Amino acid sequence: MTVQRLLQGSFMVKRKCSWNKITVALLVVFLLVGYLQAQLNRSLVRLQKEFLQSHLGQAEEWGEYMVVWNTLSVAAVKKNTTSKDDDVTLVTQCSVNNLHYLIQTNWHWDGAISVALFVPGSHALQAYFGVKYMKKCHKLHRIRFHFVYPRDRPPVFDADIFQLWFKFITPKVDCNRLLEVLRNFTASNYAHGDLQYPQNTLRNVAKSASQTKYVFVLDVDVMPSRDTRAQFVKFLSESEFQQLRHPAVFVAPAFEIENRTPMPLSKTQLVHALKQDVVRPFHIETCPKCHKATLYDDWMAITRTANITTAFELAWAPSWEPFYIGPIDVPDYDERFKQYGFDRISHTCELYMAGYHFHLLAHAFVVHAGYKRPGEFHLRKEQENRRNWMLFENVFVPEMVRKYNSNGKTCLGSNRRQGKAKVSVQNHLKMSSKKKKLKADINEEL
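No experiment lies behind these values; they were computed from the predicted model shown.

Peer 1: How should the overall build of the chain be read in this particular structure?
Peer 2: Scanning the chain for helices and strands turns up 14 helices and 14 strands. Out of the 446 residues belonging to the chain, those deemed buried represent 48%. For the chain, the accessible surface area stands at approximately 23000 Å², while carbon and sulfur atoms represent 54% of it.

Printed below as a string of structure tokens:
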């Protein structure tokens, strides 16, 4: 019995020693895995920082923002220091959810395009890959992209975004899915929490990077008629241009088109779309005053055969926010206006106070993708609009009065139409209730 107990005790000791060895071995493995994981994490962080620094690190200060000029372009400079060309650059801005519109814009506009992208935080990575594969799948060599982000929201590496694009490009770029991927971006211009969307800052950034004497400042979801640039460049060398009153900007009438309807390329196609009731004047339901001064019915009466580039001079009116082609040295947009409201109205006000003349283009136009309807705006739209109105009325307009020594001229009062149209038509287009009259006018046009 004694020998048996001794043997059992010896076995227990050996088993205990074995378990100790196993425990030690497991502990060593655990520590080794932890060490390797820590090393891997440090390597990933380093690679992420290197990626961001390599592609998005060369930023310049712009007030409270940082700008990465010519992202994913060969050129690394802000802009050309040589004399500018007698040409027009389309200038626009957006956040990553609206990147997909630029594919269509590139097709409509056959000249240079300068785009400022708002890319706070992880949006920078999303925008980087979006632009990268847009360039790969489409001929976007005429577009220059400039990334803009707040100083306190610099680019960050998001593993989920990286994984999404890694799947997208493996084993090869799936260009057929690109538009779907771009449209599924979840960011929104006005939905950054406490972060305000700085559209006027973005417009100024994109404008400053233009390399032509003229710019056409549009929103990213607004498309120009197909031959607008060719018409305007030709117009610059003609006597008609020299005979107009300057300084001047050249207004393109704005329309909006029903979703899933092809964009009209010419005035004739636009007239036909109006007849089919799938196109209408821009903001006619949500802000009739914003474009009423454009005088749509007078413009519609000018036929395609009229040998003119400009129709007549328009008079400024309160709340007017036209889209126009203008010289690159027009006043910058006031960057205090953010989010919704008065960002373009304030700019038109300054042009008026500064003595610019507004000439209506006879055949060119722009079209917004989709109808604007009441109730479809973001939740804080009215609050933002009121805040910007207070800024406009109490701060901006008094500043313009002092700046331009206006002698009683102000953007807060009404103004009667000045000058006579080359073509005059009664009963200007007002609201959708006048559609029957509009269709009669269109039938005469066709």
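Peer 1: What am I meant to see in the state of the cysteines here?
Peer 2: Here, the word disulfide means a covalent bond between the sulfur atoms of two cysteines. Applying the stated criterion across every chain yields a total of 3 disulfides. At a sulfur-sulfur separation of 1.9 Å, the disulfide partner of Cys-287 is Cys-290. Torsion about the S-S bond of the Cys-287 and Cys-290 cystine: about 65°, corresponding to right-handed handedness. Residue pairing for Cys-349: its cysteine sulfur links by disulfide to Cys-411, the two sulfurs lying 2.0 Å apart. Disulfide Cys-349-Cys-411: torsion about the S-S bond near 100°, hence right-handed. In this pair, Cys-349 is assigned in helix H12 (residues 345-353) and Cys-411 in the loop between helix H13 (381-403) and helix H14 (435-445), connecting sequence segments 62 residues apart. For the pair shown, Cys-349 and Cys-411 are each scored as buried. Each bonded cysteine of the chain gets a number by its place in the sequence, and the pairs then read 1-2, 3-4, 5-6.

Peer 1: Would you take a moment to explain the side chain of Arg-344 for this structure?
Peer 2: Its location among the elements puts Arg-344 in the loop between strand S12 (323-327) and H12. Not counting residues within four places of it along the chain, the set of residues in contact with Arg-344 comprises Arg-203, Asp-219, Phe-282, His-291, Glu-321, Pro-322, Phe-323 and Tyr-333.

Peer 1: Hey, could you run me through the nonpolar core in this one?
Peer 2: If you look at soluble globular proteins, the nonpolar side chains tend to sit buried side by side. One finds Leu-117 and Phe-147 to be the most contacted residues of the largest nonpolar core, which totals 118 residues. Counting residues per element, this core draws most heavily on helix H3 (residues 123-137), at 8 residues. Phe-147 has contacts with Leu-56, Met-66, Val-67, Val-68, Thr-71, Leu-117, Val-119, Ala-124, Ala-127, Tyr-128 and Val-131, leaving out every residue within four places of it along the chain.

Peer 1: I would appreciate a short explanation of unusual backbone geometry in the present structure.
Peer 2: One can expect most non-glycine residues to show negative phi and most peptide bonds to be in trans. Pro-247 follows His-246 through a cis peptide bond whose omega is 0°. With respect to the secondary-structure elements, Pro-247 resides in the loop between helix H8 (239-243) and strand S8 (248-252). Backbone geometry places Leu-295, a non-glycine residue, at a positive phi of 60°. Among the structural elements, Leu-295 can be located in the loop between helix H10 (289-292) and helix H11 (296-300).

Peer 1: Would you take a moment to explain the sheet that holds strand S9 (residues 254-257) for this structure?
Peer 2: With mixed pairing, the 4 strands of this open sheet are ordered in space as S7-S14-S9-S10. Since the sheet does not close on itself, it has two edges, and those belong to strand S7 (222-224) and strand S10 (279-281), each with one partner. Across the sheet, the mean angle separating the axes of adjacent strands is 35° when strand polarity is ignored. Sitting on the sheet, helix H2 (residues 101-108) touches S7 and strand S14 (366-369), and the angle it makes with S7 is about 15°. Relative to S10, helix H9 (residues 267-275) is tilted by about 95°, and along the sheet it contacts S9, S10 and S14.

Peer 1: What am I meant to see in helix H5 (residues 175-183) here?
Peer 2: Residues spaced three or four apart along an α-helix face the same direction, because each turn holds 3.6 residues. All of the buried residues in H5 are Leu-178, Val-181 and Leu-182. Within H5, the buried residues cover an arc of 95° as seen down the axis, which keeps them to one side. What points out from H5, more than 90 degrees from its buried face, is the exposed set Asn-176 and Arg-183.

Peer 1: What is the right way to read the packing of aromatic side chains from this model?
Peer 2: The relative placement of two aromatic rings is captured by the distance of their centres and the angle of their planes. Within the structure shown, the criterion is met by 24 aromatic pairs. When the centroid spacing of 6.3 Å and the interplanar angle of 70° are considered together, the rings of Trp-299 and Phe-365 count as edge-to-face. Of this pair, Trp-299 sits in helix H11 while Phe-365 is found in the loop between strand S13 (357-361) and S14, placing the two residues 66 residues apart along the sequence. This pair shows no difference in class: Trp-299 is buried, exactly as Phe-365 is. Summarising the aromatic geometry, the rings of Trp-389 and Phe-392 are spaced 6.0 Å apart at their centres and angled 35° between planes, so their arrangement reads as tilted. Within this pair, Trp-389 and its partner Phe-392 are both found in helix H13, separated by 3 residues, close to a single helical turn. By relative accessible area, which is 4% here, Phe-392 ends up buried.

Peer 1: Help me understand the packing of H3 against H5 in this model?
Peer 2: H5 packs onto H3 with a crossing angle of 145° between their chain directions and a minimal axis gap of 10 Å. The crossing of H3 and H5 is left-handed. Two secondary-structure elements touch here, H3 through Gly-130, Tyr-133, Met-134 and Cys-137 and H5 through Cys-175, Leu-178 and Leu-182. Of the residues contributing to the contact of H3 with H5, the split by class is 6 nonpolar, 1 polar and no charged.

Peer 1: Whenever I open this one, the pairing of strand S4 (residues 113-118) confuses me. Can you help?
Peer 2: Counting buried residues in S4 gives 6 out of 6 residues, a clear majority hidden from the surface. Where strand S3 (residues 85-95) lies against S4, 6 bridges are found, and the strand directions are parallel. By the bridge assignment for S4, Leu-90 is matched with Ile-113. Where S4 meets strand S5 (residues 143-150), 6 bridges bridge the pair, whose relative direction is parallel. For Val-115, the partnering residue across the bridge sits in S5 and is Phe-145.

Peer 1: Is there a simple way to think about the pattern of salt bridges in this case?
Peer 2: Pairs can form between side chains of opposite charge whenever their charged atoms are close. Considering all chains together, one arrives at 18 salt bridges under this definition. Among the charged side chains, a salt-bridge network with shared partners connects Asp-87, Asp-110 and Arg-229.

Peer 1: Would you mind going over the sheet that holds S12 with me for this structure?
Peer 2: One key point about sheets: their strands pair by backbone hydrogen bonds, in either a parallel or an antiparallel sense. Strands sit in the order S1-S2-S5-S4-S3-S6-S12-S8-S13-S11 across an open sheet of 10 strands; the sheet is mixed. Here the strands that pair on one side only, and so sit at the sheet edges, are strand S1 (60-62) and strand S11 (310-314). Going from strand to strand, the sheet's axes swing by 30° on average, the running direction of each strand aside. Here strand S6 (residues 212-217) pairs with S12 via 3 bridges, running antiparallel. Opposite Phe-216, over in S12, you have Ile-325 as the bridge partner. Contacts from H12 reach S8, S12 and S13, with the element oriented near 115° to S13.

The rules behind each value
- Residues numbered from 1 in each chain as written.
- Predicted model: local features only at pLDDT ≥ 70, side-chain atom pairs only at ≥ 80, totals over all residues.
- Heavy atoms only, no water.
- Helix = DSSP H or I, 4+ residues; strand = E, 2+ residues; numbered from the N terminus.
- Buried < 20%, exposed > 50% of the residue type's maximum accessible area, 1.4 Å probe, protein only.
- Areas by Shrake-Rupley, 256 points an atom, 1.4 Å probe, with all protein chains shown as cover.
- Disulfide = S-S within 2.5 Å.
- Contact = heavy atoms within 4.5 Å.
- Core = buried A, V, L, I, M, F, W, Y, C linked by side-chain atoms within 4.5 Å.
- Pairing = 2+ DSSP bridges.
- Axes fitted to C-alpha atoms, helices over the stretch in contact; angles between N-to-C directions.
- Arc of directions from axis to C-beta.
- Phe/Tyr/Trp six-rings, centres within 6.5 Å; stacked < 30°, edge-to-face > 60°.
- Left-handed = near helix turned anticlockwise from the far one by under 90°.
- Nonpolar A, V, L, I, M, F, W, Y, C, P; charged D, E, K, R; others polar.
- Salt bridge = Lys/Arg side-chain N within 4 Å of Asp/Glu carboxyl O.

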